[in-house]
Amino acid sequence: MPLDQQPSLRPADVVVALSLALVPEQSYGELSQRLHLSRAAAHGGVKRLQAATLLLPGSRLANRPSLREFLLFGVRYAFYAVPGPITRGVATAHSAPPLRDEFSTNDVVVWPSPEGQTRGQSLVPLYPGAPLLSRTDPELYVLLAMIDTLRIGQARERDRAREWITRRVAGEP
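Rules and cut-offs
- Residues numbered from 1 in each chain as written.
- Predicted model: local features only at pLDDT ≥ 70, side-chain atom pairs only at ≥ 80, totals over all residues.
- Heavy atoms only, no water.
- Helix = DSSP H or I, 4+ residues; strand = E, 2+ residues; numbered from the N terminus.
- Rg over C-alpha atoms; globule rule 2.2 N^0.38 Å.
- Areas by Shrake-Rupley, 256 points an atom, 1.4 Å probe, with all protein chains shown as cover.
- Lys, Arg positive; Asp, Glu negative; His and termini not counted.
- Charge placed at Lys NZ, Arg CZ, Asp CG, Glu CD.
- Contact = heavy atoms within 4.5 Å.
- pLDDT = per-residue confidence, 0-100.
- Axes fitted to C-alpha atoms, helices over the stretch in contact; angles between N-to-C directions.
- Parallel < 35°, antiparallel > 145°, perpendicular 65-115°, else oblique.
- Left-handed = near helix turned anticlockwise from the far one by under 90°.
- Nonpolar A, V, L, I, M, F, W, Y, C, P; charged D, E, K, R; others polar.
- Salt bridge = Lys/Arg side-chain N within 4 Å of Asp/Glu carboxyl O.
- Buried < 20%, exposed > 50% of the residue type's maximum accessible area, 1.4 Å probe, protein only.

S.K.: Please explain the overall build of the protein as it appears in this structure.
M.R.: Looking only at helices and strands, the protein features nine helices and three strands. In the protein, the succession of helices and strands from N to C terminus is α-α-α-α-α-β-α-β-β-α-α-α. Compactness check: the protein gives a C-alpha radius of gyration of 16 Å against a globular reference of 16 Å for 173 residues, within 12% of the reference. For the protein, the spread of C-alpha atoms along the three principal axes comes to 45 × 35 × 30 Å. Counting only carbon and sulfur atoms, one obtains 53% of the accessible surface of the protein, whose full area is about 8800 Å². Taken as two groups, the 20 positive and 16 negative side-chain charges of the protein have centres that lie 3 Å from each other.

S.K.: I'm lost on the environment of Arg158 in this one. Help?
M.R.: When you line up the elements, Arg158 lands in helix H9 (residues 155-169). For the pair Arg158 and Leu72, spaced 86 residues apart in the sequence, the C-alpha separation amounts to 9.2 Å. When neighbours within four sequence positions are excluded, Arg158 is seen to be in contact with Arg76, Thr149, Leu150 and Gly153.

S.K.: Help me out: how do you make sense of the confidence of the model for the protein in this one?
M.R.: Any residue range with low pLDDT should be treated as having predicted coordinates unsuitable for detailed reading. On average, residues of the protein score 94 in pLDDT, and 99% of them are at 70 or above. Per-element confidence in the protein ranges from a low mean pLDDT of 87 for helix H6 (residues 99-102) to a high of 98 for strand E2 (residues 109-112).

S.K.: How should I be thinking about the packing of helix H8 (residues 138-152) against H9 in this particular structure?
M.R.: Running from N to C, H8 and H9 cross one another at 140°; their axes reach a closest spacing of 8 Å. Between H8 and H9, the angle is such that the two are oblique. Relative to H9, H8 is oriented so that their crossing is left-handed. Here Glu139, Val142, Leu143, Met146, Ile147, Thr149 and Leu150 of H8 lie close against H9, whose contacting residues are Glu157, Arg158, Ala161, Arg162, Trp164, Ile165 and Arg168. Across the contact of H8 with H9, the residue classes tally to eight nonpolar, one polar and five charged.

S.K.: Any chance you could explain the pattern of salt bridges here in plain terms?
M.R.: Pairs can form between side chains of opposite charge whenever their charged atoms are close. On inspection of all chains with the given rule, the structure shows nine salt bridges. Here Arg48 ties to Asp13 by a salt bridge, and the two come within 2.7 Å at their closest N and O atoms. Of the two residues, Arg48 sits in helix H3 (residues 39-51) while Asp13 sits in helix H1 (residues 11-22), which places them 35 residues apart along the sequence. Judged by its relative accessible area of 2%, Asp13 falls in the buried class. With a closest N to O distance of 2.2 Å, Asp137 and Arg34 form a salt bridge. Of this pair, Asp137 sits in the loop between helix H7 (133-136) and H8 while Arg34 sits in helix H2 (residues 28-35), placing them 103 residues apart in sequence. Accessibility assignment for this pair places Asp137 and Arg34 in one class, buried. Residues joined in a network through salt bridges with shared partners are Glu102, Arg160 and Glu163.

Written as C-alpha cells, this is what we have:
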C-alpha cells in the first residue's frame, strides 16, 4: 500500500469479525465457506482487522472490548445505511428475528434477494453474501441483522440491539 494512502476497513470485514467472535480461530477456508467470500477476501479482512486492533495481534481471536466498541458506536457511521426502493428480499434489522417479535412496526427492511420471501424497503447489505446467511448460518444472520438495526433502527430498537450484540460479542448465548 502506498505510504500516502490511509488504509481502512471494508464493510465485509465487519462480518469477518462477527464470525470470528462467534467461532474463534477459524481457518481462512472455514471463513471463506461460512461467509461466502473468497479466501483472499477472508485473509485480507483478517489482516485489516488485526491492523485496526479489532483482532488480537497475529491471531484470529476477537479483541472483544475493542470489537464491541466499534460495533456499537462506529459501524453506524463508518458504514452508514443506504436505503433503497421497495423490493423482495431477506428481512433484516428490526424486521428480522428476534426483534420482529419484540417491536410491532409496518416498516419492513430487507436485503434485496430474489430468494427472499419478504417485501420491504431495501437496505444495501454490508456485503453481497449477507442474504445467504439466513439459511446457511442463522446465528450470524441474526447478529448481522442486529448490526443493521444499529445502522437504520429507531432508538428503542437500537438499544435492544446494543444489549444483544454486547452479550454475543462477550461470548454469551
